[in-house]
Amino acid sequence: MIYLDYNATTPLCDAARDAMLPFLGPYFGNPSSVHAAGREARAGIDDARDKLAELLHAKPSEIIFTSGATESCNLGVLGLARSQSAGGLPAVASAKAGHIISNKAEHHAVLSAVEHLEDREGFEVTWLNVSENGIIDLDQLADSIRPDTKLVSIMTANNETGVIQPMREISRICRERGVLLHTDIVQAFGKLEIDVSLVDAGSFAAHKFYGPKGTGFLFLRSGLSIQPIMFGGAHENQRRPGTENVAGVAGMAAAAEWVLRDADAERQREAPLRDELWKRVAKAFPAAEQNGDPAHRLANTLNTSFIGVDSETMLMALDLEGVCASSGSACMVGSVRVSHVLLDMGLPMESARSAIRFSLGRRTTAEEIADAADALERIATRTKDAREYVLA
Ligand code: PLP
């Protein structure tokens, strides 16, 4: 099997597994218990929080543990928008809840949360235009900010195209105008240099950087209040109730440390492999197109439209060849849908419905890329033969 779907998820690294094992065995206590077993588990949580804070140059109190990126994004978007809104709780759905700025190329974890605020809680939303290369319009962002703007939410790097947004400029615009900024950092962490001091809130998911699934965190700048989106105990400083996933959190911190250790070298290793794959794709499928700004893109991501072959057919053909890729967002639970990201970039339907995402990672080798390219060449020959047969 050739796994080229690291943007969907990554394999657990050894460092993460080793860090988790004690909490799946002897240290099983509830971190909220005051006895010795509880204190052992609490130490695991505290150590992980300290480590993550150190890695991000943040404060431990700025890390809120969650069940993953979807929850982090929901907490960041709903929690900040509601706490900034005069109306406060969502039940007070007033027409003047406030104004939010985002864009339609976000992952659904942000997109659907913002749409919920727009449809059900009286927020007005400005959806920024995205260029054909996938970059948001900075002038439009600056011009859209109003006195009642409560929140801007723009992802750092796109999961489908790998396109990287100009976060420094986005941050400057928001700071100058005193507006809060949340960013979905899920795909960027471990692949790009991250500076959380640019934002007020940032969402992370462990399984995208070789940690366990079902664990993540929200970075929330000190001094900001946030409305919880769930209700229960007083965990995480009353910001996120529920007994912490101790093993998950320990594994996440270990994975973060591991992935950052040689992130630069890995970027330089993956980019030429990704480019070699594109070269071979373009040779086998002369009509193929590369999607997303090639100059501002994650080193591991190649999104390509195989014009004339729809995504589902290509994914099945690749799967039969033992190549795991994706048609964009895997979060559509097994179904292949036309990418909302590519359509938002203004790509024609024909390009959007034939798009495939290849995403490389730590275990990807040059041999695997060569084998995947050979498989694509075989598929190209078969689809050409099939077309000629139909036309004959
Ligand atoms: N944000 C981005 C950019 C993602 O790529 C994903 C997952 O694909 C998510 C959010 C949601 O992550 P999870 O399904 O782990 O909650």
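Predicted model, so just to flag it, every value in this text is computed and none were measured. Numbering of residues starts from 1 in each chain and follows the order in which that chain's sequence is written. Local features in this predicted model are restricted to residues whose pLDDT is 70 or higher, and side-chain atom pairs enter the listing and the counts only when it is 80 or higher, whereas totals over whole chains, interfaces and linings include all residues. Water and hydrogen atoms were dropped before computing side-chain values, which therefore reflect all heavy atoms in the structure.

Caption draft 1: Up close: the site of the ligand. Inspection of the region around the ligand gives 11 residues, with Thr70, Asp184, Gln187, His207 and Lys208 positioned closest. A 3.5 Å cut-off defines polar contacts: any pair of N or O atoms within that distance qualifies, except that in protein one atom must be a possible hydrogen donor and the other a possible acceptor, and neighbouring residues in sequence count only when both atoms are side-chain atoms. Backbone polar atom of Ala69 to an oxygen atom of the ligand: 3.4 Å apart, as the coordinates give it. One nitrogen or oxygen atom from the side chain of Gln187 is found 2.8 Å from an oxygen atom belonging to the ligand. Residue burial considers only the protein chains on display, and all accessible areas are found by Shrake-Rupley using a 1.4 Å probe. The protein chains hide 87% of the 400 Å² of surface that the ligand would expose on its own. Residues are grouped as follows: nonpolar covers Ala, Val, Leu, Ile, Met, Phe, Trp, Tyr, Cys and Pro; charged covers Asp, Glu, Lys and Arg; every other residue, Gly included, is treated as polar. Grouping the amino acids of the shell around the ligand by side-chain chemistry returns four nonpolar, five polar and two charged. Residues are counted as near a molecule or strand when any one of their heavy atoms sits within 4 Å of it.

Caption draft 2: Local environment of the pattern of salt bridges. Only one rule defines a salt bridge in this text: a Lys or Arg side-chain nitrogen within 4 Å of an Asp or Glu carboxyl oxygen. Counted according to the given criterion, the structure contains 24 salt bridges. A salt bridge links Arg168 to Asp195; its shortest N-O distance comes to 3.7 Å. Here Asp195 lies in the loop between strand 6 (180-184) and strand 7 (201-205) and Arg168 lies in helix 6 (residues 167-176), a separation of 27 residues in the sequence. Exposure categories follow from relative accessible area, calculated using a 1.4 Å probe and restricted to protein chains: below 20% of the type maximum is buried, above 50% is exposed, and the middle band is partly exposed. Under the relative-accessibility criterion, Arg168 is labelled exposed at 52%. The class for Asp195 is partly exposed, based on a relative accessible area of 33%. Arg269 is the partner of Glu266 in a salt bridge, and the nearest nitrogen-oxygen pair spans 3.0 Å. Here the residue Glu266 and the residue Arg269 both occupy positions in helix 9 (residues 263-284), the gap between them amounting to three residues, near one helical turn. What makes Glu266 buried here is its relative accessible area of 10%. Three or more residues joined by partner-sharing salt bridges are found here, namely Glu124, Arg146 and Asp148. Numbering of helices and strands runs from the N terminus; a helix is a DSSP stretch of H or I covering at least four residues, while a strand is a stretch of E covering at least two.

Caption draft 3: Looking closely at the sheet that holds strand 6. Within the open sheet, the seven strands sit side by side as 2-8-7-6-5-3-4. Their pairing is mixed. Two strands lie at the open edges of the sheet, namely strand 2 (63-66) and strand 4 (123-128), each paired on one side alone. Taking each pair of neighbouring strands and ignoring which way they run, the sheet shows an average axis angle of 20 degrees. One requirement defines pairing of two strands: DSSP has to find at least two bridges between them. Pairing geometry for strand 3 (residues 98-103) and strand 4, over six bridges, is parallel. The residue of strand 4 that forms the bridge with His99 is Glu124. Between two residues, a contact is recorded if the distance between any of their heavy atoms is within 4.5 Å. Axis angles are defined between N-to-C directions and span 0 to 180 degrees, where every axis is a line fitted to C-alpha atoms and, for a helix, only to the segment in contact. Lying over the sheet, helix 2 (residues 36-56) contacts strand 2, strand 7 and strand 8 (216-220), oriented at roughly 125 degrees with respect to strand 2. Helix 3 (residues 69-84) contacts strand 2, strand 3, strand 4, strand 5 (149-153), strand 6, strand 7 and strand 8 of the sheet and is inclined by roughly 170 degrees relative to strand 6.

Caption draft 4: Geometry of unusual backbone geometry. Although it is not a glycine, Glu236 sits at a positive phi angle of roughly 50 degrees. A positive phi angle is found at Gln238, which is not glycine, with a value near 65 degrees. Its location among the elements puts Gln238 in helix 7 (residues 235-238). Classification of Gln238 by relative accessible area gives exposed; the value is 59%.

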